[in-house]
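These are the residues of each chain, in order.
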Amino acid sequence: MNELKQSITDKLNSHEETQRQLAYIQKAGEYVRKLEQELGHKPTCCVTTFGCQMNARDSEKLSGILERAGYELIEDEDADFVIYNTCTVRDNANQRVYGRLGHLNSLKKKNPHKKIALCGCMMQEPSVIEKIRQSYRFVDLIFGTHNIYKFAELLVNMFEADGMVIDIWQDTDQIVEDLPVERKYPFKSGINIMFGCNNFCSYCIVPYVRGRERSRSPRDIIREIESLVADGVVEVMLLGQNVNSYGKNLEEPMTFAQLLREIEKIQGLKRIRFMTSHPKDLSDELIQVMKESTKICRHLHLPLQSGSSRILNAMNRRYTKEQYLALAEKIRREIPDISITTDIIVGFPGEEPADVDETIDVIQKVQYDNAFTFIYSKRTGTPAAAMENQVPEEVVKEGFDRVLKVVQDTARERVSRLQGQTMEALVEEVNEQDASLLTGRLSNNTIVHFKGDKKLIGQIVPVYLKECHGFYYLGEAVK
Ligand code: SF4
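The following paragraphs examine the structure supplied in this document. The structure displayed is predicted, hence computed values, not measured ones.

1. A closer look at the pattern of salt bridges
In step 1: Using the criterion set out here, one finds 43 salt bridges in the structure.
In step 2: Across the pair arginine 183 and aspartate 231 runs a salt bridge, and its minimum N-O distance is 3.2 Å. Pair noted here: arginine 183 is in the loop between strand E6 (165-167) and strand E7 (188-192) and aspartate 231 is in the loop between helix H7 (218-230) and strand E10 (235-239), with a separation of 48 residues, a long-range link.
In step 3: Here aspartate 231 falls in the exposed class, since its relative accessible area comes to 51%.
In step 4: The salt bridge partner of arginine 441 is glutamate 428, with a shortest N-O separation of 3.0 Å. Note that arginine 441 is positioned in strand E16 (residues 437-442) and glutamate 428 in strand E15 (residues 422-430), a separation of 13 residues in sequence.
In step 5: Sharing partners across several salt bridges, the network here consists of Glu17, Arg20, Lys150, Glu153 and Asp167.

2. As for the site of the ligand
In step 1: As a structural note, the neighbourhood of the ligand is formed by Cys197, Asn199, Phe200, Cys201, Tyr203, Cys204, Val206, Pro207, Gln241, His278 and Arg317.
In step 2: Of the residues belonging to the shell around the ligand, the class tally is 7 nonpolar, 3 polar and 1 charged.

3. What about the packing of helix H11 (residues 321-334) against helix H12 (residues 353-366)?
In step 1: At a minimum axis separation of 11 Å, H11 and H12 run at an interaxial angle of 10°. By the angle between their axes, H11 is roughly parallel relative to H12. Together, Lys321, Tyr324, Leu325, Ala328 and Arg332 of H11 and Glu358, Asp361, Val362, Lys365 and Val366 of H12 make up the contact between the two elements.
In step 2: Counted by class, the contact of H11 with H12 contains 5 nonpolar, no polar and 5 charged residues.

4. What about the sheet that holds E7?
In step 1: Pairing within the open sheet is parallel, and its 3 strands lie in the order E7-E10-E11. Two strands lie at the open edges of the sheet, namely E7 and strand E11 (271-275), each paired on one side alone. Ignoring strand direction, the axes of neighbouring strands in this sheet form an average angle of 20°.
In step 2: Both E10 and E11 contribute to a ladder of 5 bridges, which runs parallel. Counterpart to methionine 237 in the pairing with E11 is arginine 273.
In step 3: In this fold helix H8 (residues 256-264) packs onto E10 and E11, with an angle of close to 155° to the strand it touches most, E11.

5. A word on the sheet that holds E16
In step 1: As summarised here, the arrangement of the 5 strands in space is E15-E16-E17-E19-E18, forming a closed barrel in which the pairing is mixed. Averaged over all neighbouring strand pairs, the angle between strand axes comes to 50°, with direction disregarded.
In step 2: Pairing geometry for E15 and strand E18 (residues 460-469), over 5 bridges, is antiparallel. Pairing of glutamate 424 across the sheet is with proline 462, part of E18.

6. Concerning the pairing of strand E13 (residues 339-346)
Note on strand geometry: in a regular strand, side chains alternate between the two faces of the sheet.
In step 1: Most of E13 is tucked away: 8 of the 8 residues are buried.
In step 2: In this sheet, strand E14 (residues 370-375) lies alongside E13 in parallel orientation, the contact comprising 6 bridges. Bridge pairing in E14 links aspartate 343 to phenylalanine 372.
In step 3: Each parallel crossover has a hand, and the one from E13 via H12 to E14 is right-handed.

7. What to know about the pairing of E11
In step 1: E11 sits mainly inside the fold: 5 of its 5 residues count as buried.
In step 2: Here E11 shows two buried faces, one formed by Arg271, Arg273 and Met275 and the other by Ile272 and Phe274.
In step 3: Regarding topology, H8 serves as the crossover connection from E10 to the parallel E11, and that connection is right-handed.

Rules behind the numbers
Residues numbered from 1 in each chain as written. Predicted model: local features only at pLDDT ≥ 70, side-chain atom pairs only at ≥ 80, totals over all residues. Heavy atoms only, no water. Salt bridge = Lys/Arg side-chain N within 4 Å of Asp/Glu carboxyl O. Helix = DSSP H or I, 4+ residues; strand = E, 2+ residues; numbered from the N terminus. Buried < 20%, exposed > 50% of the residue type's maximum accessible area, 1.4 Å probe, protein only. Near = heavy atom within 4 Å. Nonpolar A, V, L, I, M, F, W, Y, C, P; charged D, E, K, R; others polar. Axes fitted to C-alpha atoms, helices over the stretch in contact; angles between N-to-C directions. Parallel < 35°, antiparallel > 145°, perpendicular 65-115°, else oblique. Contact = heavy atoms within 4.5 Å. Pairing = 2+ DSSP bridges. Right-handed = clockwise from strand over helix to strand, strands pointing away.

Listed below in structure tokens is the structure:
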């Protein structure tokens, strides 16, 4: 009874909060209109995103609120309002933001009415806030990952404040639905199914900046997807730091596999993707649902990080080399046409060349279609950052080059298996390098470029895979 009362209270709170924020959007709109009169033009805004697909989805929410408040969205940082949605997964991400803030300040010197805001994972680090407070006083608004839904309210505070507004929360259990969103692509969309991570891999800052796991209710997720499909979306990417943990905190627990079955039923939805599935708890049920599905794409991102069980243990990944290989083998057996991609870290504290050999052994055995390979980045506040045996740079570099070579060789081999076949591609955009070509994505996530009419963008069309060029194809549209 108490749980039911609690869930109703949560629902009411969330609904009330939605109404409250919608009212703040109105209020922010008054300030934007006032600014328009002062400037003599419709105020412009620019949302710059750093990092992962979770951040890209959050930026679509920021854009939706700014647009509803009366701003015009542009891609140029010379805009009247600029917001950086930051990432902190590696140190170079922080350095990039500090570097670009200097440029923003020079633009602000020319346009004193310009407002600058910072949000996202980097802002969850107290040392960063102190540094910005001291050295970047021209920033007007700072908030974190837990109160993005309060953006309209924070905009109003910014307009009413003299000086920098800072609002960082350590954590939240609040999920607020139905706020405006401005999607980057009309035909596909990311969907948050859960927030936060409880895994605490020893190198990773995410659990400290994104908080504890909390899942959205399946009803809200399905309702959102249904309205997106009604709005022209054919493909969704379900987002979570570890989607396998979906539903654990719901009063009516539901597994990720069960959620997928419900989403599969949505009429008009053509493709379902998801990211990220942790190898430690990827279930047989999930493999079965993927196997039987006609909509779940034939691609699985399965981060390995290291092939050495000794290093995996130090990373707190909670699986061994053998367990990972057995899982990959089972997935390939059950879903033979699946593409598997992965993440690999080279240079984790204590790593020896023999550990890199183990990683290379897994790459050769699993045969990934692609792998994102990173050099270990020390993140203050993570257990790994305090580990003694940090690896010398030249040793890391040597290991990294060895791993990269094997990834490229095996991926080239693997991706080329489709040459000469005709496969369905979702046409995503005009090729950035060659405007006479379109860029499409196969169900297995492989990219194909081919000649075609721009009208095909957003459609799923058959393409003949003529030439393999490593990680992508050149193809021909099949009439
Ligand atoms: S699963 Fe591990 S690597 Fe992934 S976000 Fe969580 S702590 Fe970080």
